[in-house]
Amino acid sequence: MCRPPSPAGLNFKDPEAVRALTCTLLKEDFGLTIDIPVERLIPTVPLRLNYIHWVEDLIGHQDAGERVVRRGIDIGTGASCIYPLLGATLNGWYFLATEVDDMCFNYAKKNVEQNNLSDLIKVVKVPQKTLLMDALKEESEIIYDFCMCNPPFFANQLEAKGVNSRNPRRPPPSSVNTGGITEIMAEGGELEFVKRIIHDSLQLKKRLRWYSCMLGKKCSLAPLKEELRIQGVPKVTHTEFCQGRTMRWALAWSFYDDVQVPSPPSKRRKLEKPRKPITFMVLASTVKELSIKAAAVGWDAVEAIAVVRAWVEKILTDLKVQHKRVPCGKDEVSLFVTAIENSWIHLRRKKRERVRQLRELPRASEDVLQAMEEEKNSQKSESNNSGCENSKTEDSEMGIMVPDEGVHLTTGDELPEESAAKEECGEHVKEETETKQGETSLGKGSSNAKEESCSSEESSNLTVEKEQSPKETSRCFLFKCLMNVKKEGKDVLVEMHWVEGQNRDLMNQLCTYLRNQILRLVAS
């Protein structure tokens, strides 16, 4: 029995396989022949090529003429010398490549020579901890267009192994790390390494038009930008390189006023999966009952969609939920709903609680209530008679009085005596109304008391809402949604689409409340 062939793939955990891939890509795509020791860092070609293309954007390579000579510096070129080789091959750039490691220096020099690029690339061996200052001592009169650097990412061995430096939720690295000590580790990690380059640039300033570094950690970007801001560097930009599962970031700064600064990448919002709307169905039989009740109320709604929409709007109005009609497609109605407060949750429980509290109030006996009623009736008749006589007397007096010169009364103005008389009559009427309400509530029992408490609470809520300014109401809301009412065969479908807000569950609660209220309307 023949075994099926295994799918083609590359083991990125194998240093030999990674080296073979890098050498093959450089040979096939760029005609470069290089040798890299397995004991040193083996670069990935696409990521390095991205950095080269970004430097092209920095220095305006596409806008320049063919005769313009571009000069760059590669800090820590590595054994592959990949940045100078790519830059010289693609764009004809001149490079000064520095290296501190003996093995890397020898391999880099060999790779330049065997590709016949010695006239464009100069590899220099420098002492440890040398960055830009010492490397440019002999090149005192040359103005470089840029510098590139792939700094050591880690501060120690533990960090290099991912201990306390890698989020445990992240998957383990998919490729092997073959770098030498000087290539992957430096005192303070990449953050301190790049800060040293920044301090060198503060002394060199316009010796280079652009300073740049690639970063392996996103968390290093913000403190380095803050350091540049503190030092007063005028031109700063950054970018990100995404190649497969690998992410890198790059930072660049300049002291020249005439350089064009590429825009940093815009913040990408995570694309949320389109969520299905929350829906409920109003059956044709229910719509028929709603139409009958709508006609009894005096509404003009005839079509099924209009009937359901009218009842939904009434329920939302009772809940004090803001809503307005918005343009929509044919055979449907759309409402834009804005919920300011949660007025639909535990509504029946709140009503039962108010009724229970009213029932617990102490009540007088029937004899006492009858005596109180007779006494109040006699007081009302006396107060009404006296109030009317006083008002008539004052009115007659007011008709004779002439206002002083220079005093003009408009339609809305009142004389002091007239306003006082009206207030007095108003107080008698108010007292009479309150007395009647008290008698009615004591005589009719819990159901009327319940309605009275509801009406008083609604009036207090309206007062509070009037006191709030429109700006405060527009700023504070629970959620916003788009409600569509449309035909679904003979039935009517109500959809609620989430727009924005605090919690999607609140919209779900409102949807359930609307459905239940419509069913109660039919049942009642």
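Quick look at the structure, then. (Residues numbered from 1 in each chain as written. Predicted model: local features only at pLDDT ≥ 70, side-chain atom pairs only at ≥ 80, totals over all residues. Heavy atoms only, no water.)

1. Re the sheet that holds strand 9 (residues 322–326)
1) Next: The five strands are arranged 8-12-11-10-9 in an open sheet whose pairing can be described as antiparallel. In this open sheet, the two strands that pair with only one neighbour each are strand 8 (278–282) and strand 9. Averaged over all pairs of adjacent strands, the angle between strand axes in this sheet comes to 20°, irrespective of strand direction.
2) Next: Here five bridges tie strand 9 to strand 10 (residues 332–339), and the two strands are oriented antiparallel to one another. Bridge pairing links Val326 to Ser334 in strand 10.
3) Next: This element, helix 10 (residues 304–318), spans strand 8, strand 9, strand 10, strand 11 (479–488) and strand 12 (491–501) of the sheet and lies at about 10° to strand 10.
4) Next: Packing against the sheet, helix 16 (residues 504–523) makes contact with strand 8, strand 10, strand 11 and strand 12, and its axis sits at approximately 5° to strand 8. (Pairing = 2+ DSSP bridges. Helix = DSSP H or I, 4+ residues; strand = E, 2+ residues; numbered from the N terminus. Axes fitted to C-alpha atoms, helices over the stretch in contact; angles between N-to-C directions. Contact = heavy atoms within 4.5 Å.)

2. Some remarks on the pattern of salt bridges
1) Next: The tally for this structure, following the rule as stated, stands at 12 salt bridges.
2) Next: We note a salt bridge from Lys110 to Asp35, for which the minimum N-O separation is 3.2 Å. Residue Lys110 is located in helix 4 (residues 102–114), and its partner Asp35 is located in the loop between helix 1 (15–30) and helix 2 (45–59); the two are separated by 75 residues in the primary sequence.
3) Next: Under the relative-accessibility criterion, Asp35 is labelled partly exposed at 30%.
4) Next: Connected through salt bridges with shared partners, the residues Arg309, Glu313 and Arg325 form a single ionic network. (Salt bridge = Lys/Arg side-chain N within 4 Å of Asp/Glu carboxyl O. Buried < 20%, exposed > 50% of the residue type's maximum accessible area, 1.4 Å probe, protein only.)

3. Describing the packing of aromatic side chains
1) Next: All chains considered together, the criterion is met by 11 aromatic pairs.
2) Next: Between the aromatic rings of Tyr51 and Phe241, the centroid separation amounts to 5.9 Å while the plane-to-plane angle is 40°, which identifies the pairing as tilted. Of this pair, Tyr51 sits in helix 2 while Phe241 sits in strand 6 (residues 235–243), and the two are 190 residues apart along the sequence. Accessibility assignment for this pair places Tyr51 and Phe241 in one class, buried.
3) Next: Ring centres of Trp93 and Phe95 lie 6.3 Å apart, and the angle between their planes is 45°; this geometry places the pair in the tilted category.
4) Next: Of the residues examined, Phe95 reaches a relative accessible area of 4% and is grouped as buried.
5) Next: Among the aromatic residues, ring-to-ring pairing joins Tyr51, Trp54, Tyr83 and Phe241 into one connected group.
6) Next: It is Arg209 that lies over the ring of Tyr256; its NZ or CZ is 4.5 Å from the centre.
7) Next: Stacked on the ring of Phe477, the Lys or Arg Lys480 has its end atom at 4.5 Å from the ring centre. (Phe/Tyr/Trp six-rings, centres within 6.5 Å; stacked < 30°, edge-to-face > 60°. Lys NZ or Arg CZ within 6 Å of the ring centre and 35° of its normal.)

4. Things to note about the sheet that holds strand 2 (residues 94–99)
Two pairing modes exist for strands in a sheet, parallel and antiparallel, and in both the strands are linked by backbone hydrogen bonds.
1) Next: Strand order in this open sheet of seven strands is 3-2-1-4-5-7-6, and the pairing throughout is mixed. Each edge of the open sheet carries a strand with a single partner, namely strand 3 (121–125) and strand 6. Across this sheet, the average inter-strand angle for adjacent strands is 20°, counted without regard to direction.
2) Next: Strand direction decides the pairing type here: strand 5 (residues 208–215) and strand 7 (residues 246–254), joined by five bridges, are antiparallel.

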